[in-house]
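Okay, here's what each chain looks like letter by letter:
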Amino acid sequence: MAQSRKDIVAWVGSHVLPHEAAVRAWLRRWTSRDQDIDDVIQEAYCRLAAMDDVTHVSNGRAYLFQTTRNIVLEQVRRSKIVRIDNVTDMGSLSILDEAPPLDRVVAGARELQRVEQLIEKLPLRCRQIFVLRRIHGVSQREIAQMLGITQAAVEKQATRGLRLIMKGLERDDKLETSEGESGDYPRERTRDR
Amino acid sequence: MTTRESAREIADQAAEWATRIDSGSIDRATDFGLRRWLDEDPRRQGALLRAEAALSFVDRGRALAGVIPKPEPRPVWVRRKLMFAGAALAASLIGVAILVTAPNRYDTALGEIRRVPLSDGSMIAINSQSAVEVSMHRNAREVALTRGEAWFKVAHDKTRPFIVSAGRIRVRAVGTAFSVRRHDDGADVQVTEGLVETWTVGEEERRIQVAAGSKAYVAAYEPPKIVQASADVERSLAWREGQIVLEGETLDEAVAQFNRYNARKLVISDPGLAAEKLVGQFSATDPQTFAGAVATTLGAKVEEEGDTIRLSRRSPQ
C-alpha cells in the first residue's frame, strides 16, 4: 500500500535531508562546480519524489549516498558533467559500510542543535515569524494580526526563512571545517595515477 | 524554452509553494497553479519534496524540544511578547537539550582508579585524573570522556548502541571491551574484546573498525588509522588492575607512568640513569617499592624528601 505524501515528506525530512550536507561535501571531492552538485542533489530528490513508498529504505543516509553516486555515474556516461576528475574512484569507493548511522538520541540531539543554529542565523523579522509559525504553530493569519502586517507579507517572510534554512541545510559548519583540513585526500590519490 | 532554469532557481520557487501549502493558502491536491508549475519541469517535483522536507525537518526541532503548539483558541498576544519569542525558543530548546542528556559525572583524583558499574550491566574503569559523563537512554548508551582515559566493558545490547565521545571522536560498540584515552589532538582507542567502530564527527563515512588486540589513533581532523596490533594492548591497560607493566620502557617513561597516579613524585636526577631500560610489573600506587627495585637492578640511590623520591646513580666507590 502506498504511503501518504505526508509520511514520505516526514521521512525525507528526518532521514535524508539531514545528511545532504555530508553528501554535498563528498561530491565536492569530484567536482568543484556547485551547479553540478545542485543538479545531482535535485535529481536525487526527484527520484525520491517518484516513489510512493519508502518503507523499504532502511538507511536514508546510505540511500542518498548511493543514489547520488548512481546519478553522477549515469551523467558522466552521458557526458553531461565533464568536470568529474575521476570516475573510477567514485564507482569503486565504498561510501558507507553496513552499520546503521548514529542512534536516534545522539542524532536527535545533534539535529536539535542544528535546527536551533539555522533559526538563529535568520534575519530578525524573518526569525520572529518563522519561530511563531514553526515552533509555536501560530497560523499565518494570526501572525499577521499580531504584527499588524498583511498575510502576504507574513508569507513572504516565511518563504524567505525557508529558503535560508534550505541553503543552510546544504552546509554543515562542522563538516566544512574538517573538509578544509582533510578534504584533499581523494584528490591526492587521483594525481598519483 | 529560453534558458534552462538552475536548480537554485527551482529551489527558491519550491520554497514559495511549500510555504503556501503549509499555510493553507492553497490546497496541494487541487491547486491549478501548483499543478501547472509541477508539470512544466519534472525537476520541480523533487524540489518541492525537498522544500517540504525542510519544513518537516525544522518541525522535528519542535517535537524534540517538546514545545507543544498553542491549543485553540489561542490567548491574545501582545506585540511586546514577540520580542521575546526568539529568546524563549532558544531557552526552551536549551532546557530540553539538558534534560535529554542530563548525565552522571564521575571524576577521579590523582592516583585514583575508579570502577563504575552501570545500570545496563556495563562497567567503566576510570584511570587517574580522568572524567566521564554517562547518559543512559532507552535506545542509547552515551559516555563522554571529557578528560583522561577510561576502559569500557560493554554489556551486550544490540538495541542500545554504546557510544563514547572524546571531543570530535566517536567510538561505538555493541558488546565489547575497549579503552579510550584523550589527547589534545585526538584519542587512542584500544580494543581488548570484540570489535568497535570509530570515527570523527563530520567524517562518518570514513569510520574504521578496530578489532580485539588492536589500537587505533583517531585524530580530530584526520581519518582514523590502526597504529598497533599486538599484545601491547593488554599490557597498556594493566592500569585497570592498578598495575604498571614495563617491558623495556626507559626509566624516564616508567617514572612518567608512576607520576600519573601518585602525589609522591619520582624524580630522576641523572640523565644516564633515565635512559636505562626496565622490565617488570609493579603496583601503580607504590612508587617506593618501584624505587627499591630500581635501586637493586640499576644500582641507583634512593632519597626521599617530603613528597619527592629522588633516584640517582650511586656514587662510585
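Analysis parameters
Residues numbered from 1 in each chain as written. Chains lettered and ligands numbered in written order. Predicted model: local features only at pLDDT ≥ 70, side-chain atom pairs only at ≥ 80, totals over all residues. Helix = DSSP H or I, 4+ residues; strand = E, 2+ residues; numbered from the N terminus. Buried ≥ 20, exposed ≤ 12 C-beta atoms within 10 Å, placed from the backbone. Contact = placed C-beta atoms within 7 Å. Expected span 1.5 Å × (residues − 1). Pairing = 2+ DSSP bridges. Axes fitted to C-alpha atoms, helices over the stretch in contact; angles between N-to-C directions. Core = buried A, V, L, I, M, F, W, Y, C linked by C-beta atoms within 7 Å. Parallel < 35°, antiparallel > 145°, perpendicular 65-115°, else oblique. Nonpolar A, V, L, I, M, F, W, Y, C, P; charged D, E, K, R; others polar. pLDDT = per-residue confidence, 0-100.

A. Structural context of the overall build of chain A. The helix and strand inventory of chain A stands at 11 helices and zero strands. Reading chain A from its N terminus to its C terminus gives the helix and strand order α-α-α-α-α-α-α-α-α-α-α. Scored against the burial criterion, the 193 residues of chain A give a buried share of 43%. By sequence separation, contacts in chain A at least 24 residues apart represent 69% of the contacts at least 6 residues apart.

B. Fine view of the overall build of chain B. Of regular secondary structure, chain B possesses nine helices and 19 strands. Buried positions account for 35% of the 317 residues belonging to chain B. Restricting to contacts in chain B with at least 6 residues of sequence separation, those with at least 24 account for 44%.

C. Quick peek at helix α1 (residues 7-23) of chain B. Residues and elements named next belong to chain B. Compared with an ideal rise of 1.5 Å per residue, which puts 17 residues at 24 Å, α1 spans 24 Å between its outermost C-alpha atoms and is within 8% of the ideal. Listed in full, the buried residues belonging to α1 are A7, I10, A11, A14, A15, W17, A18, T19, R20 and D22. The positive-phi residue at the C-terminal boundary of α1 is G24, with phi of around 85°.

D. The arrangement of the sheet that holds strand β18 (residues 300-305) of chain B in detail. All names here are of chain B. Across the sheet, which stays open at both edges, the three strands sit in the order β16-β19-β18 with mixed pairing between neighbours. The outermost strands of the open sheet, each flanked by one partner alone, are β16 (265-268) and β18. Along the sheet, successive strands turn relative to each other by an average axial angle of 25°, direction set aside. As judged from the four bridges shared by β16 and strand β19 (residues 308-313), these two strands associate in the parallel manner. The residue of β19 that forms the bridge with I268 is L311. Each of β16, β18 and β19 touches helix α9 (residues 287-298); the most contacted strand, β18, lies at about 155° to it.

E. The pairing of strand β11 (residues 195-200) of chain B, seen in detail. Residue and element names in this part refer to chain B. Of all six residues in β11, five are buried, a share of seventy percent or more. Alignment of strand β8 (residues 169-173) against β11, held across five bridges, turns out to be antiparallel. Bridge assignment links R170 to a residue of β11, and that residue is W199. The pairing of β11 with strand β12 (residues 208-211) spans four bridges and is classified as antiparallel. Within the sheet, the bridge partner assigned to E197 lies in β12 and is Q209.

F. Structural detail: the nonpolar core. Within the largest apolar cluster, 59 residues are counted, with the highest numbers of intra-cluster contacts made by L162(A), A14(B), A51(B) and A54(B). Of the residues forming this core, the biggest block, nine residues, is contributed by helix α3 (residues 43-65) of chain B. Once you skip the residues sitting within four places of it in the chain, A51(B) turns out to touch L162(A), M166(A), A14(B), A15(B) and A18(B). By size, the runner-up hydrophobic cluster in this structure holds 48 residues, among which are A216(B), L266(B), I268(B) and I309(B).

G. The sheet that holds strand β5 (residues 140-147) of chain B, seen in detail. Residues and elements named next belong to chain B. Strand order in the open sheet formed by seven strands is β1-β4-β5-β7-β8-β11-β12, with mixed pairing between adjacent strands. Of all the strands in the sheet, the pair left with one neighbour each is β1 (104-107) and β12. In this sheet, neighbouring strand axes are inclined to one another by 20° on average, regardless of whether the strands run parallel or antiparallel. Sheet analysis places β1 next to strand β4 (residues 131-137), joined by four bridges and oriented antiparallel. Each bridged residue has a counterpart across the sheet, and for D107 the counterpart in β4 is A131.

H. Structural context of the packing of helix α7 (residues 124-135) of chain A against helix α9 (residues 151-170) of chain A. Residue and element names in this part refer to chain A. Direction vectors running N to C along α7 and α9 enclose 95°, while the axes themselves pass 9 Å from each other. In terms of orientation, α7 lies roughly perpendicular with respect to α9. Only V154, Q157, A158, R160 and G161 of α9 make contact with α7, whose side of the interface consists of R125, C126, I129, F130 and R133. A breakdown of the residues in the contact of α7 with α9 according to their chemical character gives five nonpolar, two polar and three charged.

I. Molecular detail of the environment of R43(B). Checked against the element boundaries, R43(B) lands in helix α3. Given 21 C-beta atoms within a 10 Å radius, R43(B) is considered buried. Spatially, the C-alpha atoms of R43(B) and A11(B) are 9.7 Å apart, while their sequence positions differ by 32 residues. Beyond its immediate chain neighbours, meaning those up to four positions away, R43(B) contacts Q42(A), C46(A) and I10(B).

J. Local environment of helix α1 (residues 5-16) of chain A. If you check α1(A), its first and last C-alpha atoms are 15 Å apart, about what 12 residues at 1.5 Å a residue would give, namely 16 Å. Within α1(A) the residues assigned to the buried category are I8(A), V9(A), V12(A), G13(A), S14(A), H15(A) and V16(A).

K. Fine view of the confidence of the model for chain A. All names here are of chain A. With 70% of its residues at a pLDDT of 70 or more, chain A has an overall mean of 74. By mean pLDDT, the top-scoring element of chain A is α9 (93), and the lowest-scoring one is helix α11 (residues 185-191) (33). For the stretch residues 80-101, pLDDT sits under 50, and the model shows 39 contacts to residues farther than four places along the chain or on other chains. Overall, residues 176-193 carries pLDDT values under 50, and its contacts beyond four positions in sequence, including any with other chains, amount to 17 contacts.

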